[in-house]
Amino acid sequence: MSAPNSSSNSSSNSSSNSASNSASNSASNSALNVEPNLDDADAFYAALIDAHRGLSDAQSSALNARLILLLANHIGAASVLRDALEKARQSVDEEQAP
């Protein structure tokens, strides 16, 4: 009888851990992280450039739009996404200021 109980305890613990991880992920997504946070920024940049290789300008724009929507869905928190939009727009506006 102890084997089934330990098995159900493991399932129960896994469920608790998943719920706990989801809760902590939600909490960690409550503010936009603007500090460097990529595991390997150079590899990501290379992969991003490679993904655009051979595409027309229109295809490249479509890839960027789809990537943005996938990442926005992953983030999920509307307040974080609004903050990211504001910061991105502000940086573009600052580049264009005399």
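These figures come from a predicted structure and were not determined experimentally.

A few words on the overall build of the chain. On a plain count of helices and strands, the chain comes out with four helices and zero strands. In the chain, the succession of helices and strands from N to C terminus is α-α-α-α. In the structure as shown, the chain presents an accessible area of about 8,100 Å², 54% of it carried by carbon and sulfur atoms.

Inspection of every chain in the model, using the stated rule, returns three salt bridges. Of the charged contacts, one joins aspartate 50 and arginine 53 as a salt bridge, the two residues approaching to 2.6 Å between their closest N and O atoms. Residue classification places arginine 53 among the exposed residues on the basis of a relative accessible area of 56%. Across the pair aspartate 83 and lysine 87 runs a salt bridge, and its minimum N-O distance is 3.1 Å. Note that aspartate 83 and lysine 87 are positioned in helix α4 (residues 78–96) at a spacing of four residues, about one turn of the helix. When its relative accessible area of 23% is taken as the criterion, aspartate 83 is described as partly exposed.

Attention now goes to the side chain of histidine 52. Within the fold, histidine 52 resides in helix α2 (residues 41–52). Aside from chain neighbours lying at most four places away, what touches histidine 52 is Ser60, Leu63 and Asn64.

Attention now moves to helix α3 (residues 57–75). For α3, built from 19 residues, the straight-helix expectation of 27 Å at 1.5 Å per residue is met to within 8% by its first-to-last C-alpha distance of 27 Å. Directly after α3, the chain includes glycine 76, whose backbone phi takes a positive value near 80 degrees.

Chain-level statistics for the chain give a pLDDT mean of 81 and a share of 70% at 70 or above. Here residues 1–27 is a poorly scored stretch, pLDDT under 50, and it has zero contacts once near neighbours within four places are set aside; other chains count.

Next up on the list: the environment of valine 34. Among the structural elements, valine 34 can be located in the loop between α1 (2–28) and α2. With 50 residues separating them along the chain, valine 34 and alanine 84 place their C-alpha atoms 9.0 Å apart.

What follows covers the packing of α2 against α3. At a minimum axis separation of 9 Å, α2 and α3 run at an interaxial angle of 135 degrees. When the interaxial angle is binned, α2 and α3 end up oblique. Together, Leu48, Ala51 and His52 of α2 and Ser60, Leu63, Asn64 and Leu67 of α3 make up the contact between the two elements. Residues that form the contact of α2 with α3 fall into these classes: four nonpolar, three polar and no charged.

Let's shift gears to α2. Because the α-helix completes a turn every 3.6 residues, residues three or four places apart line up on one side. A rise of 1.5 Å per residue sets the reference length of α2, with its twelve residues, at 16 Å; its end C-alpha atoms lie 17 Å apart and thus fit the reference within 8%. Remark: glycine 54 follows α2 within two positions and exhibits a positive phi of approximately 85 degrees.

Calculation notes
- Residues numbered from 1 in each chain as written.
- Predicted model: local features only at pLDDT ≥ 70, side-chain atom pairs only at ≥ 80, totals over all residues.
- Heavy atoms only, no water.
- Helix = DSSP H or I, 4+ residues; strand = E, 2+ residues; numbered from the N terminus.
- Areas by Shrake-Rupley, 256 points an atom, 1.4 Å probe, with all protein chains shown as cover.
- Salt bridge = Lys/Arg side-chain N within 4 Å of Asp/Glu carboxyl O.
- Buried < 20%, exposed > 50% of the residue type's maximum accessible area, 1.4 Å probe, protein only.
- Contact = heavy atoms within 4.5 Å.
- Expected span 1.5 Å × (residues − 1).
- pLDDT = per-residue confidence, 0-100.
- Axes fitted to C-alpha atoms, helices over the stretch in contact; angles between N-to-C directions.
- Parallel < 35°, antiparallel > 145°, perpendicular 65-115°, else oblique.
- Nonpolar A, V, L, I, M, F, W, Y, C, P; charged D, E, K, R; others polar.

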